Protein chains: 2
Amino acid sequence: MKAYALVGGPTDLWLHDIKKQLTEAKQNNDLIFGVDRGALFLEELGIIPDVAIGDFDSLQAKDLSRIEKTVKDIRYSNPIKDWTDSEIMVQTVFKDYLADKLIILGASGGRIDHFLINLLMWLNPPINQFAQRVEIIDNHNSIVFFNPGVHIIKKKPDYPYIGFATLSETEDFNISGARYDLNDYSSTYPRVFSSNEFLPNSDYFEISLKKGMIAAIYSKDINRFHNL
Amino acid sequence: MKAYALVGGPTDLWLHDIKKQLTEAKQNNDLIFGVDRGALFLEELGIIPDVAIGDFDSLQAKDLSRIEKTVKDIRYSNPIKDWTDSEIMVQTVFKDYLADKLIILGASGGRIDHFLINLLMWLNPPINQFAQRVEIIDNHNSIVFFNPGVHIIKKKPDYPYIGFATLSETEDFNISGARYDLNDYSSTYPRVFSSNEFLPNSDYFEISLKKGMIAAIYSKDINRFHNL
């Protein structure tokens, strides 16, 4: 079973067909999670989330009370907390609801500390085991994560670029069969290898690493040559 | 001397008064750097950059030729490169132009691999020495960086929240005198401590670390309770 989580980032970086995608997901009986203001946005899109998570301090009382009436499973987080709302969401998705895959929407834009939680929480050992089943999507980017091992990177239609970020200490990171290959890169700190591409007529290439964690960032320019 | 660098991120996450700020900067004889499409945006804002840097592959020929006619110092980067455009910009700002402080605009939104370069390049040893003289600003956030030592975190008007990201292996990170304090936090991987605040009637608190690098992310919600 697939799960979608809408978190509370600004709506202007959403996928343009987010309402269509989430409506179809609901019809397919995929799980829908709303995190904090994301729960309100879901209801406003006409989708009642299966689970709402947060301290809901970005909601006015009347909006919270509407959510409390309609959503069956609400998890109240503590603002003075060991776990962030996003970390509670991930554990609920995979441990309580046993989803296979999680798509996170609304995670970029707005507060950068919030985005960085969604990007970096996968390094946290209790969360790390779920990293390879996750995708973070906005209107320019699709991010997936890789733990040590050998991995096939598949081309995604409409995303001409792909960049890799080593998110922590890294041993022997290799990129093989892409436009720009990389051999046995090791480092004690994060680094970004941006603007890679698939070779012409090739739909995949390989990466591998011995230690660390990689975020693969597929991206596109909405309007590459735009002027002001 | 202060330097401003406009990089090529989407214009909708710019500070709303960016034109006013950059026009005043130019009048004050601050340095203005345009990175790739940022150089074109500057000219369109009526500001001729002192330096333009990039491979300029996001510019059409006629726009590049206009920049080549007006900008005195152009640094052409190599797309197959050891240094990113942003890293070349930082070294030009501090080593060739001897600026005291650098403000980076247009770094967020759009391609997340590009944003992560601007966030993480300060870990790279040749760039690290300049980190504490830099600020990255967009319409929601102001990010500053700290190397090991003891640092005073000053309140910024209009930014109610502050989060801290440990960007690499960290030893003994402390937050003292804030709403949520932290004692001797050490970790081998990056982590985010978000949504901290200044105590009432307090304009500063202290952080310290023995090893690692911290990004302090001041942020605000444009419209905290907004509905769709």
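A quick note: this is a predicted structure, and the numbers were derived from the prediction, not measured.

### Comments concerning the overall build of chain A
Then, number 1: Of the regular secondary structure elements, chain A holds six helices and 14 strands.
Then, number 2: For 228 residues, the compact-globule estimate of 2.2 N^0.38 gives 17 Å, and chain A sits close to it at 18 Å.
Then, number 3: A principal-axis box enclosing the C-alpha atoms of chain A has dimensions of 55 × 40 × 35 Å.
Then, number 4: Each of the 228 residues in chain A was classed as buried or not, and the buried ones make up 58%.
Then, number 5: As displayed, chain A offers around 9,600 Å² of accessible surface, 49% of which is attributable to carbon and sulfur atoms.
Then, number 6: Positive and negative side-chain charges of chain A, numbering 24 and 31 respectively, have mean locations separated by a distance of 3 Å.

### Describing the packing of helix α2 (residues 37–44) of chain A against helix α3 (residues 61–70) of chain A
For any two helices packed against each other, the geometry is given by the interaxial angle and the distance between the axes.
Residues and elements named next belong to chain A.
Then, number 1: Contact geometry of α2 with α3 gives a least axis separation of 10 Å together with a crossing angle of 70°. Taken together, the axis directions place α2 and α3 in an arrangement best described as roughly perpendicular. Judged by residue contacts, A39, L40, E43 and E44 of α2 engage D63, R66, I67 and T70 from α3.
Then, number 2: When the residues that make up the contact of α2 with α3 are grouped by side-chain class, the tally is three nonpolar, one polar and four charged.

### Focus on the interface of chain A and chain B
Then, number 1: Listed as interface residues are 57 residues of chain A and, on the opposing side, 58 residues of chain B.
Then, number 2: Among the residues chain A hides against chain B, the three largest losses belong to R111(A), I112(A) and L228(A). Together they make up 15% of the total.
Then, number 3: Between the two partners, chain A and chain B, sit zero salt bridges.
Then, number 4: Sorting the residues of the side of chain A that touches chain B by element identifies α2, α5 (112–120), β7 (141–146), β9 (161–166), β12 (191–196) and β14 (214–219) of chain A as the ones contributing at least two each.
Then, number 5: It is α5(A) that contributes the most residues to the side of chain A that touches chain B, eight residues altogether.

### Some points on the relation of the copies chain A and chain B
Then, number 1: After a rotation of 180° and a shift along the axis of 0.0 Å, chain A superposes on chain B with an RMSD of 0.0 Å. Put plainly, the chains are arranged around a two-fold axis.
Then, number 2: The share of interface residues of chain A whose copies in chain B are also at the interface is 100%, consistent with both copies meeting through the same surface.

### Some details on the environment of K154(B)
All names here are of chain B.
Then, number 1: With respect to the helices and strands, K154 occurs in strand β8 (residues 149–154).
Then, number 2: A relative accessible area of 57% means that K154 is categorised as exposed.
Then, number 3: Sequence separation between K154 and D57 is 97 residues, and the spatial gap between their C-alpha atoms is 40 Å.
Then, number 4: Non-local contacts of K154, meaning those with residues more than four positions away in its chain, are made with F198, D203, Y204 and Y218.

### Notes on the nonpolar core
Then, number 1: Formed by 78 residues in total, the largest nonpolar core has its most connected members in L102(A), W122(A), F145(A), L102(B), W122(B) and F145(B).
Then, number 2: In contact with W122(A), other than residues within four places in its own chain, are V90(A), L102(A), I104(A), I127(A), N128(A), F130(A), A131(A), V134(A), I136(A), F145(A) and M213(A).

### What to know about the sheet that holds strand β11 (residues 182–187) of chain B
In a beta sheet, neighbouring strands are held together by backbone hydrogen bonds and run either parallel or antiparallel to one another.
All names here are of chain B.
Then, number 1: Read across the open sheet, the four strands follow the order β8-β13-β10-β11; overall the sheet is antiparallel. Each having just a single partner strand, β8 and β11 make up the two edges of the open sheet. Taking each pair of neighbouring strands and ignoring which way they run, the sheet shows an average axis angle of 20°.
Then, number 2: Note: β8 against strand β13 (residues 204–209), six bridges, orientation antiparallel. If you follow H151 over to β13, its bridge partner there is I207.

### A closer look at the domain arrangement of chain A
Residues and elements named next belong to chain A.
Then, number 1: For chain A, the domain assignment lists domain 1 (2–139) and domain 2 (144–219).
Then, number 2: Computed from C-alpha coordinates alone, the two centres of domain 1 and domain 2 are separated by 27 Å.
Then, number 3: Contacts between the two partners involve 13 residues from domain 1 and, on the opposite side, 11 residues from domain 2.
Then, number 4: In total, about 930 Å² of surface goes out of reach between domain 1 and domain 2, with carbon and sulfur atoms giving 61% of it.
Then, number 5: On the domain 1 side of the contact with domain 2, L119, L123 and Q132 bury the most area, a combined 47% of that side's loss.
Then, number 6: Where domain 1 meets domain 2, there are one salt bridge.
Then, number 7: For the salt bridge of K156 with E135, the shortest nitrogen-to-oxygen distance reads 2.9 Å.
Then, number 8: Along the contact surface separating domain 1 from domain 2 lie three residue pairs in polar contact (both at pLDDT 80 or more).
Then, number 9: Broken down by secondary-structure element, the contributors of at least two residues to the side of domain 1 that touches domain 2 are α5 and β6 (134–137).

### Regarding the sheet that holds strand β14 (residues 214–219) of chain B
Then, number 1: Here 10 strands make up an open sheet; going across it, the order is β4-β3-β2-β1-β5-β6-β7-β14-β9-β12 (chain B) and the pairing mixed. Unpaired on one side and paired on the other, β4 (73–76) and β12 (191–196) of chain B mark the two borders of the sheet. Strand-to-strand, the axes of this sheet are offset by a mean angle of 20°, without reference to chain direction.
Then, number 2: Along the sheet, α5(A) makes contact with β7 (141–146), β9 (161–166), β12 and β14 of chain B, crossing β12(B) at roughly 150°.

### Some thoughts on the pattern of salt bridges
Then, number 1: Within the structure shown, the criterion is met by 24 salt bridges over all chains.
Then, number 2: K20(B) is the partner of E24(B) in a salt bridge, and the nearest nitrogen-oxygen pair spans 3.8 Å. Within this pair, E24(B) and its partner K20(B) are both found in helix α1 (residues 18–27), separated by four residues, close to a single helical turn.
Then, number 3: According to the relative accessible area criterion, E24(B) is partly exposed, its value standing at 38%.
Then, number 4: One network of salt bridges, in which partners are shared, links D73(A), R75(A) and D96(A).

Cut-off values and rules
- What you see as residue numbers is a count from 1 along each chain, following the sequence as written.
- Throughout, the order in which chains and ligands are written sets their labels, letters from A for the former and numbers from 1 for the latter.
- Since the coordinates come from a predicted model, pLDDT governs what is reported: local features require at least 70, and pairs of side-chain atoms require 80 or more to be given and counted, while whole-chain, interface and lining totals use all residues.
- Hydrogens and water are ignored here; the side-chain numbers use all heavy atoms of the structure.
- Put simply, DSSP H or I for four residues or longer makes a helix, DSSP E for two residues or longer makes a strand, and each gets a number counted from the N terminus.
- Only the C-alpha atoms count toward the radius of gyration. The rule for a globule is 2.2 Å times the residue count to the power 0.38.
- Accessible area is worked out with a 1.4 Å probe on protein chains only. A residue is then buried under 20% of its type maximum, exposed over 50%, and partly exposed in between.
- In short, Shrake-Rupley with a 1.4 Å probe defines the accessible areas, and a residue's cover is counted only from the protein chains shown.
- Counted as positive: Lys and Arg. Counted as negative: Asp and Glu, with His and the chain ends omitted from the count.
- Where a charge lies is defined by one atom per residue type: Lys uses NZ, Arg uses CZ, Asp uses CG and Glu uses CD.
- Helix axes are fitted only over the stretch in contact, all axes being lines through C-alpha atoms; the angle between N-to-C directions runs from 0 to 180 degrees.
- By the definition adopted for this analysis, an angle is roughly parallel if under 35 degrees, roughly antiparallel if over 145, roughly perpendicular if from 65 to 115, and oblique otherwise.
- Residue contacts are defined here by distance: any two heavy atoms, one from each residue, within 4.5 Å place the two residues in contact.
- The nonpolar class holds Ala, Val, Leu, Ile, Met, Phe, Trp, Tyr, Cys and Pro. Asp, Glu, Lys and Arg form the charged class, and all remaining residues, Gly among them, are polar.
- By buried area we mean the combined loss of accessible area, with a 1.4 Å probe, across both parts when two parts are placed together.
- When a carboxyl oxygen of Asp or Glu is within 4 Å of a side-chain nitrogen of Lys or Arg, the pair counts as a salt bridge.
- Superposing the copies works by least squares over the C-alpha atoms of residues that have pLDDT at least 70 in both of them.
- As used in this record, nonpolar core signifies buried Ala, Val, Leu, Ile, Met, Phe, Trp, Tyr and Cys residues forming a set joined through side-chain atoms within 4.5 Å.
- When DSSP locates at least two bridges between a pair of strands, those strands are taken to pair.
- For each domain, the first and last residues come from an automatic or database assignment.
- Any pair of N or O atoms that falls within 3.5 Å is considered a polar contact. Within protein, one atom must be able to donate a hydrogen and the other to accept it, and sequence-neighbouring residues count only if both atoms are side-chain atoms.

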